[in-house]
Amino acid sequence: MDTEPPPRDHTAQDAFRALLHTQRVWDTDLPAFDPADAPGTPLPLFHRWFADAVAAGQPEPHTMSLATVDGAGRPDVRTLMLHDADERGWHFASHTTSAKGRQLAANPEAALGFYWPTRGRQIRVRGGVVMGGPAESRADLRARSTGALAAALTGRQSEVLGSREELAAASRDAWERAEAEPGAPVPTWTRYVVEPREVEFFQGDARRQHVRLRYRRTEDGSTEDGGWVRELLWP
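Bear in mind that the values here come from a model prediction, so they are computed numbers and not experimental data.

Colleague: Explain the overall build of the protein chain here, please?
Modeller: Across its full length, the protein chain holds six helices and nine strands. Based on the C-alpha atoms only, the size of the protein chain along its principal axes is roughly 60 × 55 × 40 Å. Taken over 235 residues, the protein chain has a buried fraction of 35%. The contacts in the protein chain between residues at least 6 apart in sequence include a share of 64% that link residues at least 24 apart. Working note: accessible area of the protein chain is about 14500 Å², and carbon and sulfur atoms make up 52% of it.

Written out as structure tokens, the structure is:
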């Protein structure tokens, strides 16, 4: 027997749309960005923009989106913290047994996204992902807080949780161990590095004349700037 779909709550939907359409972005003076003054490689510009975001009071500027794909080619994305950005690439860490860890083992490619609305800026990074060695991964965990170690010791990230009580018990045990054993090993904890092939810097403009500067690494590294070419993109 055919059944009619439940009636839609138009009042709630209309209220949501009205709220959505009243939101504004960049209600502040945005900085100028002249791509002609940009360095030849992306890392110094990232460092410069990061420091500027911190100085502007951007909350949690070290958070970023990490996109991967699963075995069926379906995209997946989550927010996590940047652990470093150096000549090797952009660093983060996770369990190899987590969803992202399994996805990267099957397809070691990723994209990162930073968004700093206080400055109207985005940075996008795309590239292959390599795993750090055991010593580097242990050092990464030792450099973090007791709470971070406790969370890592809790483990089982992305697995189905039976109950909140189960999590509370596991977390309590993990905190006790982290406080008693600051160097406790977590074999699945791994440092990852996104080795960039493309890095795009986006500067918003109130008149929508956004500046998009893309650094793209050449296949043979034949340019004077370490294999990077710079390109402007249409907004």
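Colleague: When you look at the environment of A32 in this model, what are you seeing that I'm missing?
Modeller: Inspection of the secondary structure assignment puts A32 in the loop between α1 (10-21) and α2 (42-55). Given the relative accessible area of 75%, A32 is considered exposed. Once the C-alpha coordinates of A32 and V211 are considered, the two residues, 179 residues apart in sequence, prove to be 9.3 Å apart.

Colleague: Would you take a moment to explain the nonpolar core for this structure?
Modeller: Taken as a class, soluble globular proteins show a tendency for nonpolar side chains to be buried jointly. Counting residues in each nonpolar core, the largest one holds 30 residues, and the members touching the most others are F46, W90, F114 and I123. Contributing elements (two or more residues each) for this core: α2, β1 (63-69), β4 (90-95), β5 (109-116), β6 (121-131), β7 (189-203) and β8 (211-217). With five residues, the top contributor of residues to this core is α2. Apart from the residues within four sequence positions on either side, F114 is in contact with F46, P61, T63, M64, L82, W90, R121, Q122 and I123. Grouped together as the second largest cluster of nonpolar side chains are nine residues, A93, L149, A174 and A178 included.

Colleague: Sorry, what's going on with the packing of aromatic side chains here?
Modeller: What describes a pair of aromatic rings is the distance from one ring centre to the other and the angle between the planes of the rings. Counted according to the given criterion, the structure contains twelve aromatic pairs. Between the aromatic rings of F92 and Y192, the centroid separation amounts to 5.3 Å while the plane-to-plane angle is 15°, which identifies the pairing as stacked. Separated by 100 residues along the polypeptide, F92 in strand β4 and Y192 in strand β7 bring together distant segments of the chain. We classify Y192 as buried; its relative accessible area is 2%. Three or more aromatic residues joined by ring pairs form one cluster here, namely F33, W49, F201, Y215 and W228.

Colleague: Would you mind going over the environment of W90 with me for this structure?
Modeller: On the secondary structure map, W90 appears in strand β4. We classify W90 as buried; its relative accessible area is 1%. Between the C-alpha atoms of W90 and P42, which are 48 residues apart in sequence, the distance is 11 Å.

Thresholds, definitions, all that
- One numbering rule holds for all chains: residues counted from 1, following each sequence as written.
- Under the rules for a predicted model, residues below a pLDDT of 70 receive no local features and side-chain atom pairs below 80 are neither given nor counted, while totals for whole chains, interfaces and linings still include all residues.
- Side-chain numbers here rest on the full set of heavy atoms in the structure, without hydrogens or water.
- Helix and strand assignments follow DSSP, with helices taken as H or I runs no shorter than four residues and strands as E runs no shorter than two, numbered in order from the N terminus.
- Partly exposed describes any residue whose relative accessible area lies between the buried limit of under 20% and the exposed limit of over 50%, with all areas from a 1.4 Å probe on protein chains only and scaled to the type maximum.
- Any two residues whose heavy atoms approach within 4.5 Å at even a single point are treated as in contact.
- The Shrake-Rupley method, run with a 1.4 Å probe, gives the accessible areas here. Residue values count only the displayed protein chains as cover.
- Residues enter a nonpolar core if they are buried and are Ala, Val, Leu, Ile, Met, Phe, Trp, Tyr or Cys, with the set joined through side-chain atoms within 4.5 Å.
- Pairing of aromatic side chains here covers Phe, Tyr and the six-membered ring of Trp, requires ring centres within 6.5 Å, and sorts the geometry by plane angle: under 30 degrees stacked, over 60 edge-to-face, intermediate tilted.

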